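An overview of the molecular structure
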Amino acid sequence: MKTTSVAGRTWHYSRSLGRATGENNGRVGGYVHPVDVAWGAGDILFVLSRGFGHPIDGYYGDMGKRIGKTTIDEDHIGDFARNEFTWPVSIALSNDANVYVSDEGQNLIVVLPSDKVFAREFDMERCGERTGQWGEIGTGEGQFRSPAGIAFDSTDHLLVVDSGNGRLQKYTKDGDYIMGWGRHGDAAGEFDQPWGITVDGEDNVYVADWGNNRVQKFSAEGAYLMTFRSNGEDGGELNHPASVAVDSEGDVYVTDWGNRRVQIYEPNGDIITSLYGDVHDLSAA
């Protein structure tokens, strides 16, 4: 176990979940290029795998492209949504436990039920599990160019990072457009290839502004509030941040992709600590 402590706060890294595999069977499920994860009821993790990028011999479509269901105790339940996406990016769960996935290859938001799994072998007849979808390529309301991170707020409205258009859009869970904000640029409230997104307990919105090397914070109505540190390698500085999350205390966790670390900030932007690790040190094996 690896432990990091700062000012009375402690973070433990004890193990990894899953393994690299084209299958997804057994007690510990496997993933192929996992890109996002959502936490569901009963401590179930929904892991989105992007897949191989090509069909698998003997099967219909890309078998690695799927959503795996695994408990936090590493008991693999099964997987679903095989062959449902072109280039999936992000996953989120609504209050009624439906699964939403952004697909930048199709410029879609895809909706699926969360209660189905393929326990073992692939069954071609069980393709087509999606129960809804919306979006098309473009720059208008309800249109996308490479949708990336998605997250629900407390009212079950879905926020979508419309990365290619340099903006955010907000929808009902049924896909009705509510509002949007942002444009391409590097000023406050503007974006350059935004990616990850999260919402805190007060419905403030945090966006990993990848191309501008920063995280921006907004109100629920889209008003700009603040920016977390910009480009660099020192503590608190960022180099192409990819994802962002907020815990129950309001601390902000940022995957600092270019610096290969996770940085943790106070809600006001002060740096708490940076977490580093070697992915080969610990595993579930």
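Small disclaimer: the values here were computed from a predicted structure and weren't measured. (Residues numbered from 1 in each chain as written. Predicted model: local features only at pLDDT ≥ 70, side-chain atom pairs only at ≥ 80, totals over all residues. Heavy atoms only, no water.)

**What to know about the nonpolar core**
Judged by nonpolar contacts, the single largest core of 15 residues is most densely connected at Phe46, Ile67, Phe85, Ile91, Val99, Val101 and Leu112. Secondary-structure elements contributing two or more residues to this core are strand 6 (44–49), strand 9 (88–93), strand 10 (98–103) and strand 11 (108–113). If sequence neighbours within four positions are ignored, Ile67 has contacts with Phe46, Val47, Leu48, Gly78, Asp79, Phe80, Ala81, Phe85, Ile91, Val99, Val101 and Leu112. Among the nonpolar cores identified, the runner-up in size contains 13 residues, and Ala151, Val161, Trp181 and Phe218 belong to it. (Core = buried A, V, L, I, M, F, W, Y, C linked by side-chain atoms within 4.5 Å. Buried < 20%, exposed > 50% of the residue type's maximum accessible area, 1.4 Å probe, protein only. Helix = DSSP H or I, 4+ residues; strand = E, 2+ residues; numbered from the N terminus. Contact = heavy atoms within 4.5 Å.)

**Here we look at the side chain of Ser163**
As for its placement among the helices and strands, Ser163 is situated in the loop between strand 14 (158–162) and strand 15 (167–171). A relative accessible area of 7% means that Ser163 is categorised as buried. Excluding its chain neighbours within four sequence positions, the residues that come into contact with Ser163 are Arg145, Ser146, Pro147, Ala148, His184, Gln193, Pro194 and Trp195.

**Overview of unusual backbone geometry**
A positive phi angle is found at Ser146, which is not glycine, with a value near 60 degrees. Note on placement: Ser146 falls in the loop between strand 12 (132–134) and strand 13 (147–152).

**What about the pairing of strand 13?**
Summarising burial for strand 13: six of the six residues are buried, a large majority. In this sheet, strand 14 lies alongside strand 13 in antiparallel orientation, the contact comprising four bridges. For Phe152, the partnering residue across the bridge sits in strand 14 and is Leu158. (Pairing = 2+ DSSP bridges.)

**Let's talk about the packing of aromatic side chains**
In total, this model carries 12 aromatic pairs according to the counting rule given. Consider the rings of Tyr206 and Phe228, whose centres lie 6.2 Å apart with planes at 50 degrees: the pair is tilted. Remark: Phe228 occurs in strand 20 (residues 224–228) and Tyr206 occurs in strand 18 (residues 205–209); sequence separation between them is 22 residues. With a relative accessible area of 0%, Phe228 lands in the buried category. Taking 5.2 Å as the distance between ring centres and 75 degrees as the angle between the ring planes, the aromatic pair formed by Phe228 and Tyr265 counts as edge-to-face. Pair noted here: Phe228 is in strand 20 and Tyr265 is in strand 23 (residues 261–265), with a separation of 37 residues, a long-range link. Comparing Phe228 with Tyr265, the two get one shared label, buried. These aromatic residues form a ring-pair network of at least three members: Tyr100, Trp134, Phe144, Phe152, Tyr171 and Tyr177. (Phe/Tyr/Trp six-rings, centres within 6.5 Å; stacked < 30°, edge-to-face > 60°.)

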